[in-house]
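The residues making up each chain are set out below.
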Amino acid sequence: MTYIEIGGVITPLNVSDDGSIVVLGRYDKSTGGCDLFKNKAHVVATIKYSVKRYAPKVIIFEGFIYGKTFSFAFQLNQLCKLLGYEFKAIVLRRRFERTLELITERNGGKPFSIENLKHTVRDVSESAKKLKAAGIKTKVVDADSLPLNDMYTILEEEI
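Within each chain, residue numbers correspond to sequence positions counted from 1 in written order. Local features in this predicted model are restricted to residues whose pLDDT is 70 or higher, and side-chain atom pairs enter the listing and the counts only when it is 80 or higher, whereas totals over whole chains, interfaces and linings include all residues. Values shown for side chains rest on all heavy atoms present in the structure; no hydrogens or waters enter the calculation.

A.B. asks: What should I look at first to understand the packing of aromatic side chains in this one?
C.D. replies: When two rings of Phe, Tyr or Trp (its six-membered ring) have centres within 6.5 Å they constitute a pair, described as stacked for plane angles under 30 degrees, edge-to-face for angles over 60, and tilted for the intermediate range. Under the counting rule described, the total for this entry stands at 2 aromatic pairs. Ring centres of tyrosine 49 and tyrosine 54 lie 6.5 Å apart, and the angle between their planes is 80°; on these two criteria the pair is classed as edge-to-face. Judged by its relative accessible area of 27%, tyrosine 49 is partly exposed. Note on exposure labels: buried denotes an accessible area under 20% of the residue type's maximum, exposed denotes more than 50%, and partly exposed covers the range between, all computed with a 1.4 Å probe on protein chains only. For tyrosine 54, a relative accessible area of 18% gives the class buried.

A.B. asks: Is there a simple way to explain the nonpolar core in this structure?
C.D. replies: Note on soluble globular proteins: their nonpolar side chains tend to be buried together. Counting 22 residues, the largest nonpolar core has Leu13, Leu24, Val43, Ile47, Leu76 and Phe87 as its most contacted members. Segments assigned H or I by DSSP are reported as helices when at least four residues long, segments assigned E as strands when at least two residues long, and all are numbered from the N terminus. When contributions to this core are tallied by element, the ones reaching two or more residues are β1 (2-6), β3 (21-24), α1 (40-54) and α3 (70-83). Here a residue-residue contact requires only that any non-hydrogen atoms of the pair lie within 4.5 Å. The contact partners of isoleucine 47, leaving out residues within four places of it in the chain, are Leu24, Ile59, Phe61, Leu76, Leu79 and Leu83. We define a nonpolar core as any set of buried Ala, Val, Leu, Ile, Met, Phe, Trp, Tyr and Cys residues linked to one another through side-chain atoms lying within 4.5 Å.

A.B. asks: Got a minute to help me understand the packing of α3 against helix α5 (residues 114-133) in this structure?
C.D. replies: Between two packed helices, both the angle of their axes relative to each other and the distance between the axes serve to describe the pair. Following both chains from N to C, one finds α3 and α5 inclined at 35°, their axes separated by 9 Å at the closest point. Relative to α5, α3 is oriented so that their crossing is right-handed. Counted together, Phe70, Ala73 and Phe74 of α3 and Ser127, Lys130 and Leu131 of α5 form the full contact between these two elements. Classifying every residue of the contact of α3 with α5 by side-chain character gives 4 nonpolar, 1 polar and 1 charged. Orientation is described by lines fitted to C-alpha atoms, with helices fitted over the stretch in contact, and by angles between N-to-C directions that extend from 0 to 180 degrees. Here a crossing is taken to be left-handed if its near helix is turned anticlockwise relative to the far helix by less than a right angle, and right-handed if that turn runs clockwise. Throughout this entry, Asp, Glu, Lys and Arg are counted as charged residues, while Ala, Val, Leu, Ile, Met, Phe, Trp, Tyr, Cys and Pro are counted as nonpolar. The remaining residues, Gly among them, count as polar.

A.B. asks: Looking at this structure, how should I read α3?
C.D. replies: Note that an α-helix has 3.6 residues per turn; residues three or four places apart therefore point the same way. Expected helix span is taken as 1.5 Å per residue step, with the number of steps being one fewer than the number of residues. In this model α3 runs 20 Å from its N-terminal to its C-terminal C-alpha over 14 residues, within 8% of the 20 Å that 1.5 Å per residue would give. Of all the residues in α3, the buried ones are Phe72, Ala73, Leu76, Asn77, Leu79 and Cys80. With its buried residues spanning 165° around the axis, α3 presents them on a single face. Seen from the open side of α3, the exposed residues pointing more than 90 degrees away from its buried face are Lys81 and Leu82. Along the arc lie the directions from the helix axis toward the C-beta atoms.

A.B. asks: Before we go on, may I ask you to explain α1 in this structure?
C.D. replies: Over its 15 residues, α1 runs 21 Å from end to end, which matches the ideal 21 Å to within 8%, given 1.5 Å per residue. Taken residue by residue, α1 has His42, Val43, Val44, Thr46, Ile47, Ser50, Val51 and Tyr54 as its buried positions. Two N or O atoms count as a polar contact when they lie within 3.5 Å, although within protein this holds only if one can serve as hydrogen donor and the other as acceptor, and sequence-adjacent residues are included solely when both atoms are side-chain atoms. Two or three places before alanine 41, at the opening of α1, asparagine 39 has a side-chain oxygen 3.1 Å from that residue's backbone nitrogen. Two residues or fewer past α1, alanine 55 is found with a positive phi of approximately 45°.

A.B. asks: Which parts of the structure should I look at to understand the sheet that holds β3?
C.D. replies: By definition, the strands of a sheet pair up through backbone hydrogen bonds, in either a parallel or an antiparallel sense. If you walk across this open sheet you meet the 4 strands as β1-β2-β3-β4, and the pairing is mixed. With one partner strand each, in any of the chains shown, β1 and β4 (58-60) form the two edges of the open sheet. Neighbour-to-neighbour, the strand axes of the sheet open up by a mean angle of 30°, direction not taken into account. Two strands qualify as a pair provided that DSSP identifies no fewer than 2 bridges between them. For β1 and strand β2 (residues 9-15), the ladder comprises 5 bridges, and the chain directions are antiparallel. Note on β2: the bridge partner recorded for tyrosine 3 is proline 12. Docked against the sheet, α1 engages β1, β2, β3 and β4, running at close to 50° with respect to β2.

As C-alpha cells, this is what we get:
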C-alpha cells in the first residue's frame, strides 16, 4: 500500500508493481475503500493524481457513500471520458434480508433505521437504472450468489 497526500489528507492507494492497476482506498478493514475519503472532491482528486502519476490501464474504486447516487456516477463518467478512460459501474445487489443481517452484524447490534436502509437500497437500484438509461456501462451483480472469497471475480471479468 502506498500513502500519498491529496489536499492535505493522507490517502491510501494500492498500485500494482507495473503501475497498470491502481486501487483507491484500503481494504484491511470492513468499511474501507473510498468510504474513508473526505468527500467526493477527494475521490476525484485522487483519480486525477493516479492518472497523472501512474497512467494506469485500470483504476478501481468503490465506496458505498459515493455509489448510491446517479449524479456522482455520471460526473465520474464525464471525468473518465476527459481522461481517456471508460467508466464502468458495478452495483452489488443482495436480498434485503441478507443486507439487514450484514448491517446488523457490522454495526455490532447498534440500532439503525430500517426505513433509511430501505430507501438506500431503493436509491442504489434507481441509480443503476438511470446509469443504464444514460448509456453508461452498468453491471448489476447478485452478490448473494458469490461466496465472499470469490468476490474478486467480479472485477477480474471487467479488467
